[in-house]
Amino acid sequence: GLRHMDAILGNDYLLVDRIKEAAPSIKPKFIALLGSPVPMVIGTDFEGLAMEIENITGIPTIGLSTRGLAYYGKGINLALITLMRKVCPLSVKAEEKNDGINILGMTPLDFGKEPNQKDFVKLFEDNGIKVNCCFTMGCSFEDFQNSVKSRLNVVVSQSGYDTAVYMKNTYGIPFVTGTPMAMGKVILEKIDPQRFNCVCKSSNSDSKSKIIIVGDQVISNSIREYLELLGCNRKLIDVGVLFDSTPELMEQNDIAIKDEKHLRTILNGGTYNKIVADPLIEQLITDKSRESEIKFYPLSHVAVSSKIYWDKQAKFLSGEFVKFLKGVTL
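A brief report on the enclosed structure follows. Predicted, not measured: the structure shown is a model, and the values here were computed from it.

The rules behind these values
Residues numbered from 1 in each chain as written. Predicted model: local features only at pLDDT ≥ 70, side-chain atom pairs only at ≥ 80, totals over all residues. Heavy atoms only, no water. Patch = residues over 30% accessible without salt bridge, like charges linked within 9 Å, V, L, I, M, F, W, Y side chains within 5 Å. Areas by Shrake-Rupley, 256 points an atom, 1.4 Å probe, with all protein chains shown as cover. Salt bridge = Lys/Arg side-chain N within 4 Å of Asp/Glu carboxyl O. Buried < 20%, exposed > 50% of the residue type's maximum accessible area, 1.4 Å probe, protein only. Core = buried A, V, L, I, M, F, W, Y, C linked by side-chain atoms within 4.5 Å. Helix = DSSP H or I, 4+ residues; strand = E, 2+ residues; numbered from the N terminus. Contact = heavy atoms within 4.5 Å. Polar contact = N/O pair within 3.5 Å; in protein donor to acceptor, adjacent residues only side chain to side chain. Pairing = 2+ DSSP bridges. Axes fitted to C-alpha atoms, helices over the stretch in contact; angles between N-to-C directions.

### Details of a nonpolar patch on the surface
Inference 1: There is a patch of nonpolar side chains on the surface, built from Met40, Val41, Ile42 and Leu69 and spanning about 380 Å² of accessible area.
Inference 2: The exposure class of methionine 40 is partly exposed, given its relative accessible area of 31%.

### Some points on the nonpolar core
Inference 1: The biggest cluster of nonpolar side chains holds 44 residues, and the ones touching the most others in it are Met84, Met167 and Tyr171.
Inference 2: Looking at this core, the elements that each hand over two or more residues are strand S2 (61-64), helix H5 (72-87), helix H8 (141-146), helix H9 (161-171), strand S7 (211-215), helix H12 (260-267) and strand S10 (274-277).
Inference 3: If sequence neighbours within four positions are ignored, methionine 84 has contacts with Phe135, Phe144, Ser147, Val148, Thr163, Tyr166, Met167 and Tyr171.
Inference 4: Of all hydrophobic cores here, the second largest spans 43 residues; its members include Leu152, Val186, Ile219 and Leu299.

### Description of the side chain of serine 157
Inference 1: Mapped onto the fold, serine 157 is located in the loop between strand S5 (152-155) and H9.
Inference 2: Among the polar contacts made by the side chain of serine 157, one reaches the side chain of aspartate 110 at a distance of 3.2 Å.
Inference 3: In contact with serine 157, other than residues within four places in its own chain, are Leu104, Gly105, Asp110, Phe111, Asp216, Val218 and Ile219.

### Digging into the sheet that holds strand S9 (residues 255-256)
Inference 1: Read from one edge of the open sheet, 5 strands run S9-S8-S7-S10-S11, paired in parallel fashion. Edge strands, defined here as strands with exactly one partner in the open sheet, are S9 and strand S11 (295-298).
Inference 2: Bridging between S10 and S11 involves 4 bridges; their strand directions are parallel. In the sheet register, isoleucine 275 faces S11, and the bridge partner there is phenylalanine 296.
Inference 3: Along the sheet face, helix H11 (residues 217-229) touches S7 and strand S8 (237-241) and points at about 150° away from the line of S7.

Worth remembering: the numbers are spatial, not functional.
See below:
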């Protein structure tokens, strides 16, 4: 890191010298330079600095002009794609491909600590599906390099979507989107529909309850799929997308939430009787006239509430989460 004034005055040589001194003892597989609002304002050339550091140290180095002005998924995808271009082969021959899959979008900001990552990998491997690389929890540098030889990518949160598109365009690896949850049936069917068959119990009842799921787009879509599996009418379930959204993953009445004011308007607009969202979002419900009509179902998301609720992060592949989903359907 640089002191505030060093960054403003452009004393980049201090950063280069510190990395040069640290590299021999740390012996990293690669080096990454990350930006922030101050270097953005003064126009720091992170790519140029990365080239200089790589020439000096001989260690693969990437420069990421992150600016603090976009959602976290943009930075995650930028880092993964930039590193992939640096350390992975430019192409993979057909005979080098294997039957394994990659998990993309597995981040602590979306899933908390290790339990979900381990559960996801176990679900796939218990069903005969080898996981080559889990981006980016529990993977080694070598796993990352070999990930481009996989047959399929599974995008478990929006944070992995752009990387999956890049890998499809560059290496021809197709992808599916979905978060493993409940008993894992839906995502297993997406991976191998011939082996796994998930019978939908969707109802077309005249229920007046409308549900909105507020959160990451891929995770929220997956919750909707499981609520449908449990008998909910899909037409009565909308997703309010926080952070980045992908048009291809939006359904007819889904909403890309612009800001807190927009979210407050949606929650108090009288449309939704059931709300699934991070616990902090409940305080935005201020319509006292409908207090008895609205049911709130707290589902913590580290990117929203940070350490306030991260000890209550859901274990998506658990009986407890099945109970949570069934509670929403009642």
